[in-house]
Amino acid sequence: MAANNPDASADLSQETPKNTRVPSRGSAAAIAPQTPSIGARKTEATTPPHLFTAFEVASEEEVVVGNPKLVFSCKQEGVLGVFFDRDDSVVDPTPIIINGNNMRNAVIATLTTVLTRALKDFGVTSVHTMALETAATLANGVMIATFLKLRSVGYLNSSLMSRFYVVPRTPQPFELPLPYALAISQLGAVKTHGSPQEGYYCPTIPATTSNFLLPAGISWNPPAYSRAVEYAKSIGLKFTQPDLDVQMASTWWLYRPVLTGLHFCLECPLPEENFTLNTAVLRTLFCNDASGGFMVNLFDLTPVGTDTYGSMLRNPQYEVDVTTYYAIEDAGVNLYSLG
């Protein structure tokens, strides 16, 4: 009997069930791949998704330009570059006088439009009056920052330092609307290139300035400015601190605006290699005049000369100053990003 025979139970466990079909050698079930169980070891070689190398392989051979040995030897001897003769070099900068009233009017015009749009978005009823008052207060701060920046640039110049003996008090931190903080940070002395003689220009204030570039009858009020900054921040304007320590800066302030009939452009009074499109766009923040026009002489460029090396930004769009303001504000531009 099966109960008395231990080998019988082993034979029964090894029997094939009657309803189970054994696949033939050529059937699809016989050659179907088996899904490996979790933890099973793969035997196929796999390639990583990306090979990281320390040195990128060039798609084509690089062509050597010039004589590398000569360039290296010139660098070692300190004779590689552009050098001016002693008679053509400049030690003391040429002062370029700023027109504070024109600059303040341009800032007020642009900020009034920006604040008007911001106030309308917040549902304020008396938009124009509030925008104009806030813009005028913020413009005073921009002019004070301009005075401090020009003081930093020209204070060590023996012929200019007497104009900056008195220093205004400012709130801490002293913040400006972001686009104007960029412009003030990029305002400074400039050494030009591309001409037989070296050019060295320094922006400064008039010798008779006595009110920190503010118009007569306008007093600088730091607490009122701080309140205006907080109010402007509450409706969406962005502020940051300007860098007042940079001595050498860009050439955005050296453009010569020209209006011929209905055609406007920014002329380059120096060789074109000294200017970029970014600096031309930054100059549009200071193009509105008090009468609503678009023609402002920000600096007296008479010492630069009357030469013209082309022009930039011909016939810009309407309210390009506001467009520039929003573009810089939205981008959050670094204060040193302009050339």
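Cut-offs applied
- Residues numbered from 1 in each chain as written.
- Predicted model: local features only at pLDDT ≥ 70, side-chain atom pairs only at ≥ 80, totals over all residues.
- Heavy atoms only, no water.
- Helix = DSSP H or I, 4+ residues; strand = E, 2+ residues; numbered from the N terminus.
- Contact = heavy atoms within 4.5 Å.
- Buried < 20%, exposed > 50% of the residue type's maximum accessible area, 1.4 Å probe, protein only.
- Pairing = 2+ DSSP bridges.
- Phe/Tyr/Trp six-rings, centres within 6.5 Å; stacked < 30°, edge-to-face > 60°.
- Lys NZ or Arg CZ within 6 Å of the ring centre and 35° of its normal.
- Axes fitted to C-alpha atoms, helices over the stretch in contact; angles between N-to-C directions.
- Parallel < 35°, antiparallel > 145°, perpendicular 65-115°, else oblique.
- Left-handed = near helix turned anticlockwise from the far one by under 90°.
- Nonpolar A, V, L, I, M, F, W, Y, C, P; charged D, E, K, R; others polar.
- Core = buried A, V, L, I, M, F, W, Y, C linked by side-chain atoms within 4.5 Å.

Colleague: What am I meant to see in the side chain of N140 here?
Modeller: Note on placement: N140 falls in helix α5 (residues 127-154). In contact with N140, not counting residues within four places along its chain, are R104, L214, I218 and W220.

Colleague: Can you help me understand the pairing of strand β7 (residues 263-267) in this one?
Modeller: Two faces belong to every sheet, and in a regular strand the side chains alternate between them. In terms of burial, β7 is largely enclosed, as 4 of its 5 residues are buried. The hairpin turn running from strand β6 (residues 256-260) into β7, its antiparallel successor, is 2 residues long, and G261 in that turn takes a positive phi close to 65 degrees. As paired elements, β7 and strand β8 (residues 311-312) share 2 bridges and run antiparallel to each other. Pairing of L266 across the sheet is with M312, part of β8.

Colleague: Help me understand the packing of aromatic side chains, please; the structure alone is not making it clear to me.
Modeller: When we look at a pair of aromatic rings, we describe it by the centre distance and by the angle of the planes. For the structure shown, the criterion picks out 12 aromatic pairs. Here the aromatic rings of F264 and F294 are separated by 5.1 Å at their centres, their planes lie at 70 degrees, and the arrangement is edge-to-face. Pair noted here: F264 is in strand β7 and F294 is in the loop between α8 (277-283) and β8, with a separation of 30 residues, a long-range link. The exposure class assigned to F294 is partly exposed, which follows from its relative accessible area of 21%. The ring of Y200 carries K191 above its face, with NZ or CZ at 5.0 Å from the centroid.

Colleague: When you look at the packing of α5 against helix α6 (residues 178-185) in this model, what are you seeing that I'm missing?
Modeller: Axes are the key here: two packed helices are described by the angle between their axes and the distance separating the axes. α6 packs onto α5 with a crossing angle of 20 degrees between their chain directions and a minimal axis gap of 10 Å. When the axes of α5 and α6 are compared, the pair comes out roughly parallel. In this structure, α5 crosses over α6, and the sense of that crossing is right-handed. The segment α5 lies against α6, with V142, A145, T146 and K149 engaging Y180, I184 and S185. Across the contact of α5 with α6, the residue classes tally to 4 nonpolar, 2 polar and 1 charged.

Colleague: How should I be thinking about the sheet that holds strand β3 (residues 190-192) in this particular structure?
Modeller: The strand order across the open sheet built from 3 strands is β1-β4-β3, with neighbouring strands paired in mixed fashion. Bordering the open sheet on either side are β1 (94-97) and β3, each of which pairs with just one other strand. Each neighbouring strand pair of the sheet contributes to a mean axis angle of 30 degrees, computed without reference to strand direction. Alignment of β3 against strand β4 (residues 199-204), held across 3 bridges, turns out to be antiparallel. By the bridge assignment, V190 is partnered in β4 with Y201.

Colleague: Even after reading the chapter, I still don't get the nonpolar core, so can you show me in this structure?
Modeller: Side chains that are nonpolar tend, in soluble globular proteins, to be buried together. If you look at the biggest cluster of nonpolar residues, it comprises 69 residues, and the most contacted ones within it are L138, L237, W253 and F286. Going through the elements one at a time, α4 (100-121), α5, α6, α7 (222-234), β7, α8 and α9 (320-331) are the ones with two or more residues in this core. Per element, the largest residue contribution to this core is 12 residues, and it comes from α5. V153, L160, A189 and C202 belong to the second largest nonpolar core, which has 5 residues in total.

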